[in-house]
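Results of the structural survey
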Amino acid sequence: MSYQDSSVYETEDPIKFAYWVPNVSGGLVVSKIEQRTSWDVDYNRKLAQIAENNGFDYALSQIRFTAGYGADNQHEPVIFSQALLEATERLKLIVALLPGPWNPAVAAKQIATLDHIYGGRVAVNVVSGWFRGEFKAIGEPWLDHDERYRRSEEFIRALKGIWTEDDFTFRGDFYRFTDYTLRPKPVSQPHPEIFQGGSSRAARDMAARVSDWYFTNGNTPEGHKAQIDDIREKSAANGHSVKIGVNAFIIARDTEEEARAVLQEIIDKANPEAVNGFASEVKNAGKASPEGEGNWAKSTFEDLVQYNDGFKTNLIGTPRQIAERIVHLKSIGVDLILSAFLHFQEEIEYFGKNVLPIVRELEQEHLSATL
Ligand SMILES: Cc1cc2nc3c(=O)[nH]c(=O)nc-3n(C[C@H](O)[C@H](O)[C@H](O)COP(=O)(O)O)c2cc1C
């Protein structure tokens with residue numbers, strides 16, 4: 001299919017761009033290749049400024065209490081995101097929250113305060129956990145796959161209730177509230193945007209009921225389309241609307257050969273011990289669901305070198321090739337590209353200067369052709 005194919009999901013809104021905040025060490029690939037990406041706050045402040053000046057709408061911070069796969073140091077996402085909000089003017093920070101360690105009353109209050117300080121530039125990504133060793137390390141009870149999603153859904157319902165209602169009362173299995181009124185309410189209307197990560201049946205059903213955004217791992221266009229069709233159908237039946245963000249590790253170079261050579265070098269220099277350790281931990285994600293599907297359920301060694309399957313999306317090549325593939329993703333219903341890069345600062349700038357203008361041009365051409 002080419003980018004000219006149209007679909008029922010088509011929107012006139014320009015596709016949005018987010019990047020993974022490297023607030024954990026080792027960059028976004030589990031490889032010993034040289035990376036000019038750092039997890040420290042000075043690097044990240046500058047990166048956030050480069051991103052907002054190069055057309056990026058969002059930055060997504062990660063939550064990890066401990067990790068193998070080279071991500072040995074991890075900064076806490078709420079506080080780290082605040083540092084990036086302070087350094088920027090337009091960029092929106094999507095802050096990862098992990099139900100279990102995070103309680104919705106504390107999270108709702110922290111995020112409402114950030115939302116006030118930074119004029120509505122904060123969103124949340126509710127993640128559900130896949131790393132059993134991490135839960136054990138911090139003494140947090142480990143729930144079965146679908147139970148984790150039942151808790152995440154209650155967490156999201158609690159956030160929404162606290163942010164939008166006075167005298168909020170909620171009787172869940174995991175969380176309870178009685179006549180609780182948060183003051184001040186967030187400035188974002190109707191509330192800060194709620195993203196979620198995960199793509200198993202339970203994750204999709206949760207998205208189709210309560211999330212504003214569904215984030216999924218890298219995949220082929222066919223793989224993404226199958227998920228999108230499924231979620232759109234389910235959310236429509238629920239009278240709910242959910243937007244879609246897909247992960248991609250982007251390697252844009254002047255020639256396709258250069259871009260492919262970088263991918264090959266990343267894979268050749270992969271750290272096998274770390275990748276295999278990660279492969280064994282992620283069996284607690286999609287594979288542990290009742291249907292055995294979801295994130296990482298079918299990932300190969302090579303896929304896992306980018307720890308959210310980002311090579312599979314194939315945004316690897318020349319600026320034009322990448323722009324055409326992005327516009328094609330938009331035509332199958334993708335609203336946002338969540339990106340990662342080898343050398344974040346240099347490559348986000350290259351992307352903004354060389355790829356984004358072609359994306360906007362193609363979007364425009366496509367719109368004129370359908371009018
Ligand atoms: C874009 C994205 C971001 C995520 N960020 C985190 C994170 O910061 N911390 C974390 O523990 N899990 C994170 N996850 C993992 C998910 O919350 C979820 O536990 C995992 O994808 C398994 O989902 P599944 O079994 O429903 O497919 C993320 C997932 C995605 C797709």
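Rules of the game
- Residues numbered from 1 in each chain as written.
- Predicted model: local features only at pLDDT ≥ 70, side-chain atom pairs only at ≥ 80, totals over all residues.
- Heavy atoms only, no water.
- Near = heavy atom within 4 Å.
- Polar contact = N/O pair within 3.5 Å; in protein donor to acceptor, adjacent residues only side chain to side chain.
- Areas by Shrake-Rupley, 256 points an atom, 1.4 Å probe, with all protein chains shown as cover.
- 1 Å grid on protein atoms, 1.4 Å probe; cavity = no way out; pocket = protein on both sides within 12 Å on 5 of 7 lines; lining within 4 Å.
- Sits in = over half its atoms within 2 Å of the grid points.
- Helix = DSSP H or I, 4+ residues; strand = E, 2+ residues; numbered from the N terminus.
- Expected span 1.5 Å × (residues − 1).
- Buried < 20%, exposed > 50% of the residue type's maximum accessible area, 1.4 Å probe, protein only.
- Arc of directions from axis to C-beta.
- Core = buried A, V, L, I, M, F, W, Y, C linked by side-chain atoms within 4.5 Å.
- Contact = heavy atoms within 4.5 Å.
- Patch = residues over 30% accessible without salt bridge, like charges linked within 9 Å, V, L, I, M, F, W, Y side chains within 5 Å.
- Salt bridge = Lys/Arg side-chain N within 4 Å of Asp/Glu carboxyl O.
- Lys, Arg positive; Asp, Glu negative; His and termini not counted.
- Charge placed at Lys NZ, Arg CZ, Asp CG, Glu CD.
- Pairing = 2+ DSSP bridges.
- Right-handed = clockwise from strand over helix to strand, strands pointing away.
- Points joined across faces, edges and corners; volume = space filled by probe spheres on them.
- Nonpolar A, V, L, I, M, F, W, Y, C, P; charged D, E, K, R; others polar.
- Axes fitted to C-alpha atoms, helices over the stretch in contact; angles between N-to-C directions.

A word on the site of the ligand. Around the ligand lies a shell of 27 residues, among which Ile63, His145, Tyr149, Ser200 and Asn295 are the nearest. Here an oxygen atom of the ligand and a backbone polar atom of serine 128 are 3.0 Å apart. Coverage of the ligand by the protein chains reaches 98% of its 630 Å² of free accessible surface. Under a 2 Å grid-point criterion requiring more than half of the atoms, the pocket assigned to the ligand is the largest cavity.

The terminal C-alpha atoms of helix α8 (residues 256-268) lie 18 Å apart, and with 13 residues this matches the ideal 18 Å at 1.5 Å per residue to within 8%. Where α8 is concerned, the buried positions are Ala259, Val262, Leu263, Ile266 and Ile267. Taken end-on, α8 shows its buried residues confined to a sector of 135 degrees, consistent with a single buried face. The outward face of α8, more than 90 degrees from its buried face, is lined by the exposed residues Glu257 and Asp268.

Counting 121 residues, the largest nonpolar core has Tyr19, Ile266, Ile326, Ile337 and Phe351 as the members making the most contacts within it. Element by element, the count of residues in this core is highest for helix α12 (residues 344-370), at 8 residues. Not counting the four nearest positions on each side in its chain, phenylalanine 351 is found in contact with Phe17, Phe56, Ile250, Ile322, Ile326, Phe341, Leu356 and Pro357.

Together, Asp144, Asp146, Glu291 and Glu293 line one region of the surface with negative charge. For glutamate 293, a relative accessible area of 43% translates into the label partly exposed.

Glancing now at the pairing of strand β9 (residues 243-249). The element β9 is largely enclosed, with a buried count of 6 among its 7 residues. Here strand β8 (residues 213-216) pairs with β9 via 4 bridges, running parallel. Its bridge partner being in β9, tyrosine 214 is matched across the sheet by isoleucine 244. At this point the chain moves from β8, through helix α7 (residues 221-237), to the parallel β9, and the crossover so formed is right-handed. As judged from the 5 bridges shared by β9 and strand β12 (residues 336-340), these two strands associate in the parallel manner. Across the sheet, the residue bridging to glycine 245 is leucine 336, located in β12.

The next subject is empty space enclosed by the protein. Evaluation of the coordinates by the stated rule reveals 1 cavity of 30 Å³ or more. A volume near 550 Å³ is recorded for the largest cavity. As for the largest cavity, its lining consists of 37 residues, and the residues nearest its centre are Val127, Trp130, Gly197, Trp296 and Asn308. Elements with a contribution of two residues or more to the lining of the largest cavity: α4 (132-137), α5 (145-164) and β8. Counting residues per element, the lining of the largest cavity draws most heavily on α5, which supplies 3 residues. When the residues that make up the lining of the largest cavity are grouped by side-chain class, the tally is 16 nonpolar, 18 polar and 3 charged.

For the rest of this paragraph, the subject is the side chain of glutamate 140. With respect to the helices, strands and loops of the structure, glutamate 140 is situated in the loop between α4 and α5. The buried charged residue glutamate 140 lacks any salt bridge, with arginine 151 as its nearest oppositely charged partner at 4.3 Å. Apart from the residues within four sequence positions on either side, glutamate 140 is in contact with Gly100, Pro101, Phe135 and Arg151.

Moving on: the sheet that holds strand β3 (residues 92-97). What the 8 strands build is a closed barrel, ordered β1-β2-β3-β4-β7-β8-β9-β12; its pairing is parallel. Put simply, the sheet's adjacent strands are angled 25 degrees from each other on average, direction ignored. The sheet contact formed by strand β1 (residues 16-20) and strand β2 (residues 58-60) spans 3 bridges and is parallel. Bridged to tyrosine 19 within β2 is alanine 59. Each of β3 and β4 (122-126) touches helix α3 (residues 104-117); the most contacted strand, β4, lies at about 155 degrees to it.

Interpretation in functional terms is not warranted from these geometric data alone.
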